[in-house]
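Summary of structural features
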Amino acid sequence: MQATQIEAKLQAMLFASGESVPVKRLAEVLGISESKTYSHLEALREKYENDKSCGIRLVQLEDSYQLSTKREYYECIRTLTEKKRKASLTNAGLEVLSIVAYNQPITRGSIEFIRGVNSDGPLNNLISAGLVEEMGRLDAPGRPILFGTSEEFLRCFNLSSISELPDVELEYNFEDLNRDLITGKQVEFEGQSSDVPDFEISIEPEPDNAAKTEAKETNPSSDAIDLAQSEASADIETAAESETDISQEE
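Residues numbered from 1 in each chain as written. Predicted model: local features only at pLDDT ≥ 70, side-chain atom pairs only at ≥ 80, totals over all residues. Heavy atoms only, no water.

Looking now at the layout of surface pockets. By volume, the second largest pocket is sized at about 150 Å³. Forming the boundary of the second largest pocket are Leu 14, Phe 15, Gly 18, Ile 56, Gln 66, Leu 67, Ser 68 and Thr 69. Among the elements of the structure, α1 (3–17) and β3 (64–69) are those that each provide at least two residues to the lining of the second largest pocket. Element by element, the count of residues in the lining of the second largest pocket is highest for β3, at four residues. Split into classes, the residues belonging to the lining of the second largest pocket amount to four nonpolar, four polar and no charged. (1 Å grid on protein atoms, 1.4 Å probe; cavity = no way out; pocket = protein on both sides within 12 Å on 5 of 7 lines; lining within 4 Å. Points joined across faces, edges and corners; volume = space filled by probe spheres on them. Helix = DSSP H or I, 4+ residues; strand = E, 2+ residues; numbered from the N terminus. Nonpolar A, V, L, I, M, F, W, Y, C, P; charged D, E, K, R; others polar.)

Here you go:
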């Protein structure tokens, strides 16, 4: 099959689809290898970009390709379709979207842990707008849903891949955070030490036998004192009886 025929078939399939098509699927239909399919798609993309009389471009979205209009013709297309612009994202929506984009896949609990507030509303709005989608479930108790960005997100921000996002310094390890929040494990912040207890319990050691004997010798117990008092009382009674006997004899 000639290169021109392959490129013509690629154009027809992408145009008829109206959405992105994985390269693997295109290769299966054409009966050629994925690497060869990539080469023809890139040749087609360069052809669209260099042809100033063409208002179409070929967009790469991860491992898929889609036909799209060139950005410079946006205004005339908008006027033609006369569609109302979608409402812009709120600050809360942008916060949730940025958290998902940089830490996907991520659970709802991890999103709310970072923001410190309930995020059901902003997250549901992003899902309705097609910017965020479900990516599976976490292998943990309860199997919570994992969220990530969609192809619509790449289109809106003119990205070919998530790897093109600007670099930022992440504060958390979200793969571990997702599991810690599900299992109820305490999450420690930077600078916090778990070795310091909230309170201390002081237990005095029990004295040994020698110490106990010494204590008894230096400090008589109450039993010894009672015995001494009893012996003294007996001596007094004996002396009193003797004096009574002497008086009777006289």
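A word on the packing of α1 against helix α3 (residues 34–50). In the contact formed by α1 and α3, the axes pass within 10 Å of each other and the chain directions differ by 80 degrees. Of the possible angle classes, the one that applies to α1 and α3 is roughly perpendicular. The residues of α3 that touch α1, namely those facing Ala 3, Ile 6, Glu 7, Leu 10, Gln 11 and Leu 14, are Thr 37, His 40, Leu 41, Ala 43, Leu 44, Lys 47 and Tyr 48. (Axes fitted to C-alpha atoms, helices over the stretch in contact; angles between N-to-C directions. Parallel < 35°, antiparallel > 145°, perpendicular 65-115°, else oblique. Contact = heavy atoms within 4.5 Å.)

Turning next to the packing of α1 against helix α2 (residues 23–30). Where α1 contacts α2, the axes come no closer than 11 Å and their chain directions differ by 125 degrees. When the axes of α1 and α2 are compared, the pair comes out oblique. Once α1 is placed against α2, the crossing between them reads as right-handed. On the side of α1, the interface is formed by Ile 6, Lys 9, Leu 10, Met 13 and Leu 14, while α2 contributes Leu 26, Val 29 and Leu 30. The residue makeup of the contact of α1 with α2, split by class, is seven nonpolar, no polar and one charged. (Left-handed = near helix turned anticlockwise from the far one by under 90°.)

Let us now look at the pattern of salt bridges. Tallying each qualifying case throughout the model produces eight salt bridges. With a closest N to O distance of 3.0 Å, Arg 78 and Glu 75 form a salt bridge. With Arg 78 and Glu 75 both in helix α4 (residues 74–81) and three residues apart, this pair spans about one turn of that helix. Owing to a relative accessible area of 34%, Arg 78 belongs among the partly exposed residues under this scheme. A relative accessible area of 46% places Glu 75 in the partly exposed class. Residues Arg 115 and Glu 95 are paired through a salt bridge, measuring 2.9 Å at the closest nitrogen-oxygen approach. With Arg 115 in helix α6 (residues 108–115) and Glu 95 in helix α5 (residues 91–103), this pair connects stretches of sequence that are 20 residues apart. According to the relative accessible area criterion, Arg 115 is partly exposed, its value standing at 22%. One continuous salt-bridge network, built from bridges that share partners, spans Glu 151, Glu 152 and Arg 155. (Salt bridge = Lys/Arg side-chain N within 4 Å of Asp/Glu carboxyl O. Buried < 20%, exposed > 50% of the residue type's maximum accessible area, 1.4 Å probe, protein only.)

Moving on, we get to the sheet that holds strand β1 (residues 21–22). Strand order in the open sheet formed by three strands is β1-β3-β2, and the pairing between neighbours is antiparallel. Bordering the open sheet on either side are β1 and β2 (56–61), each of which pairs with just one other strand. Across the sheet, α1 lies against β1, β2 and β3, angled at about 75 degrees from β3, the strand it touches most. Relative to β2, α3 is tilted by about 140 degrees, and along the sheet it contacts β2 and β3. (Pairing = 2+ DSSP bridges.)

Here the residue pair Gln 104 and Pro 105 is connected by a cis peptide bond, since its omega of -5 degrees sits within 30 degrees of zero. With respect to the secondary-structure elements, Pro 105 resides in the loop between α5 and β4 (106–107). One non-glycine residue with positive phi stands out, namely Glu 62, at about 60 degrees. Summarising the element assignment, Glu 62 is placed in the loop between β2 and β3. Even without a glycine there, the phi angle at Asn 158 is positive, about 55 degrees. Residue classification places Asn 158 among the partly exposed residues on the basis of a relative accessible area of 42%.

So yeah, pure geometry; function would need other evidence.
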